[in-house]
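Understanding the architecture of this molecule
Chain by chain, the residues:
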Amino acid sequence: MSTPAATQPLVGIIMGSSSDWPTLQNAAHVLDGFGVPYEKKVVSAHRTPQLLYDYATTASERGLKCIIAGAGGAAHLPGMTASMTTIPVLGVPVLSRALSGMDSLYSIVQMPGGIPVATFAIGDAGATNAALFAVSMLANENPELAEKLKTFRERQTQKVLQSQQELEA
Ligand code: RP5
């Protein structure tokens, strides 16, 4: 088994439309911060089904360890992706205009038993946490990344404690 090169993407970020990027860029930002190589692509379950098929069925052989899939409205992208690969799919419901992302959330979270999609919060927090979850999974096999994650959590805690001190000052 060959070892993937350091710059080879380990995480795929896909989205149903370029209009989803303002949300999904939160995931990219987190991965950048941890130095995790990723790729990003617009892949629509409805508008580019063949592209989705090609992407999902080659994800594992291309070295991806998980896929963060964000979509809004009738958000079939994460579920359809999960149906065509066994690598973990992390679904991010995008805040839709018509139904405030409830449609996206329900479309992604209500998978039939047998094809799991790990579903995150609607919008920016969901994208951030999907990336942090991806980092956690990768950190299981990567002590350096595990250390970075520990530092990230400690800094976050310190920030909150500091804000409390500032509030009281
Ligand atoms: C979904 O439809 C996309 O994921 C996006 O959230 C939503 C609207 O897409 P656009 O009409 O903005 O391209 O497929």
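None of the values given here were measured: they were computed from a predicted structure.

Definitions and cut-offs
Residues numbered from 1 in each chain as written. Predicted model: local features only at pLDDT ≥ 70, side-chain atom pairs only at ≥ 80, totals over all residues. Helix = DSSP H or I, 4+ residues; strand = E, 2+ residues; numbered from the N terminus. Buried ≥ 20, exposed ≤ 12 C-beta atoms within 10 Å, placed from the backbone. Contact = placed C-beta atoms within 7 Å. UniProt positions renumbered as here; feature names shortened; annotations may be inferred. Right-handed = clockwise from strand over helix to strand, strands pointing away. Pairing = 2+ DSSP bridges.

Thoughts on the overall build of the protein chain
Secondary structure assignment for the protein chain yields six helices and five strands. Listing every helix and strand of the protein chain by position from the N terminus yields β-α-β-α-β-α-β-α-β-α-α. Along the three orthogonal principal directions, the C-alpha set of the protein chain runs to about 55 × 45 × 30 Å. Each of the 169 residues in the protein chain was classed as buried or not, and the buried ones make up 36%. Taking contacts inside the protein chain between residues at least 6 apart in sequence as the whole, the part at least 24 apart equals 68%.

Considerations on the UniProt feature "binding site: substrate" (unreviewed entry) in the protein chain
Within this numbering scheme, the UniProt entry marks S17, D20 and R47 as carrying the feature "binding site: substrate" (unreviewed entry). Spanning 31 residues, the named residues nonetheless gather at one spot, since no C-alpha pair among them exceeds 14.4 Å. Within the fold, S17 resides in the loop between β1 (11-15) and α1 (21-34). Each residue touching S17, except ones within four places of it in the same chain, is listed here: V42 and S44.

Some words on the pairing of strand β4 (residues 89-93)
The element β4 is extensively covered by neighbouring structure, given that five of its five residues are classed as buried. In β4, alternate side chains face the same way, and those of V89, G91 and P93 on one face and L90 and V92 on the other are all buried. Crossover handedness for the path strand β3 (residues 66-71) to helix α3 (residues 77-83) to β4: right-handed. Bridge count between β4 and strand β5 (residues 118-119): two bridges; the pairing is parallel. In the strand pairing of β5, L90 is matched with A118. Following the chain from β4 across helix α4 (residues 102-109) to the adjacent parallel β5, one finds a crossover that is right-handed.

Structural notes on the UniProt feature "domain: PurE" (unreviewed entry) in the protein chain
With numbering matched to this structure, UniProt assigns "domain: PurE" (unreviewed entry) to residues 9-160. Secondary structure across residues 9-160 comprises 48% helix and 15% strand; the distance between its end C-alpha atoms is 33 Å.

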